[in-house]
Amino acid sequence: MKIMGETSMNRTRLVLTGSAVAAAIALSGCDPQPESAGTATSPSPAASSAAPTGSAATTATSTAANDAATVKACADIKKDIKDNAAKVTKAEKIGPPAGHFAVSAQWAAGSVAILAHSMGANEAVTAASEKIQNEMMGLSDAYNKSAGAKPSKKALEADIKELDTACSAT
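This one's a predicted model, so the numbers in the text were calculated from it and none came from an experiment. As a convention, each chain's residues are numbered from 1 in the sequence order in which they are written. With pLDDT at 70 or above as the cut-off, local features in this predicted model cover only qualifying residues; side-chain atom pairs require 80 or more to be listed or tallied, and sums for whole chains, interfaces and linings still use all residues. Hydrogens are left out, water is left out, and the side-chain values use all remaining heavy atoms of the structure.

Peer 1: When you look at the confidence of the model for the protein in this model, what are you seeing that I'm missing?
Peer 2: It should be kept in mind that the predicted coordinates are not to be read in detail where pLDDT is low. For the protein, per-residue confidence averages 75 on the pLDDT scale, and 61% of positions sit at 70 or higher. Taken as a whole, residues 31–62 scores under 50 in pLDDT and shows 5 contacts with residues more than four places along the chain or in a different chain. A residue's pLDDT is simply how confident the predictor is in it, with values from 0 to 100. Every residue pair with non-hydrogen atoms within 4.5 Å of one another is taken to be in contact.

Peer 1: Where do I start with the packing of helix H6 (residues 123–145) against helix H7 (residues 154–168) in this structure?
Peer 2: Lines fitted to C-alpha atoms define the axes, with helix axes restricted to the stretch in contact, and inter-axis angles between N-to-C directions lie between 0 and 180 degrees. Numbering of helices and strands starts at the N terminus; helices are DSSP runs of H or I of at least 4 residues and strands are runs of E of at least 2. Their axes nearest at 9 Å, the elements H6 and H7 cross at an angle of 165 degrees. Between H6 and H7, the crossing angle belongs to the class labelled roughly antiparallel. As H6 packs across H7, the resulting crossing turns out to be left-handed. Mapping the contact onto sequence places Ala124, Val125, Ala128, Ser129, Lys131, Ile132, Glu135, Met136 and Leu139 in H6 and Ala155, Leu156, Asp159, Ile160, Glu162, Leu163, Ala166 and Cys167 in H7. Three classes are used: nonpolar for Ala, Val, Leu, Ile, Met, Phe, Trp, Tyr, Cys and Pro, charged for Asp, Glu, Lys and Arg, and polar for all others, with Gly counted as polar. Here the residues of the contact of H6 with H7 are counted per class, giving 12 nonpolar, 1 polar and 4 charged. Working definition: roughly parallel below 35 degrees, roughly antiparallel above 145 degrees, roughly perpendicular at 65 to 115 degrees, and oblique for all remaining angles. Throughout, a crossing is termed right-handed when the near helix is turned clockwise from the far one, and left-handed when it is turned anticlockwise from it by less than a right angle.

Peer 1: What exactly am I supposed to notice about the side chain of Gln133 here?
Peer 2: Note on placement: Gln133 falls in helix H6. Excluding anything up to four places from it in sequence, Gln133 contacts Ser111, Ile114 and Leu115.

Peer 1: How should I be thinking about the nonpolar core in this particular structure?
Peer 2: As a rule of thumb, soluble globular proteins bury nonpolar side chains together. Here, nonpolar core refers to any group of buried Ala, Val, Leu, Ile, Met, Phe, Trp, Tyr and Cys residues whose side-chain atoms link them within 4.5 Å. Exposure categories follow from relative accessible area, calculated using a 1.4 Å probe and restricted to protein chains: below 20% of the type maximum is buried, above 50% is exposed, and the middle band is partly exposed. Counting 21 residues, the largest nonpolar core has Ile77, Ile81, Trp107, Val125, Ile132, Met136 and Leu163 as the members making the most contacts within it. Put simply, the parts of the chain that give this core at least two residues each are helix H4 (55–92), helix H5 (99–118), H6 and H7. Excluding residues within four positions of it along the chain, Val125 makes contact with Thr70, Cys74, Ile77, Leu163, Ala166 and Cys167.

Following this line, the structure appears as structure tokens:
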């Protein structure tokens, strides 16, 4: 027999996660780079003859766009981690028995924010952010199971260091 709070928490968690996933999907189609004024005007004949052609130019442009997306993703993810930590601390102050539901929901919400902001980043940053996201969901599950839960955050801290390393390489 489920306790009414568990059913309510599971429903809330499903709605929060579903909403965040829908937002992430919607944002995945967005171009993070604004159009520059140079692309709106047609180049002069002299400029177009001097411009590099072929796959080297395409690769350089693609790499620059990917690096910019990765730098933005790193900044956003680091901000998400900091914001989530503050919100988890606030939720922990509620205390048992109801506080663990708030903490669980915050870990779940934070994990989805990480997922949403990692889109478009390079493989190393995406892999590191996925580890963080998975660890946050694990913490959410641990808090959801027990009002007195005090799960270790060492794995999360290690994953955050891995993200820092991946971000510093860009």
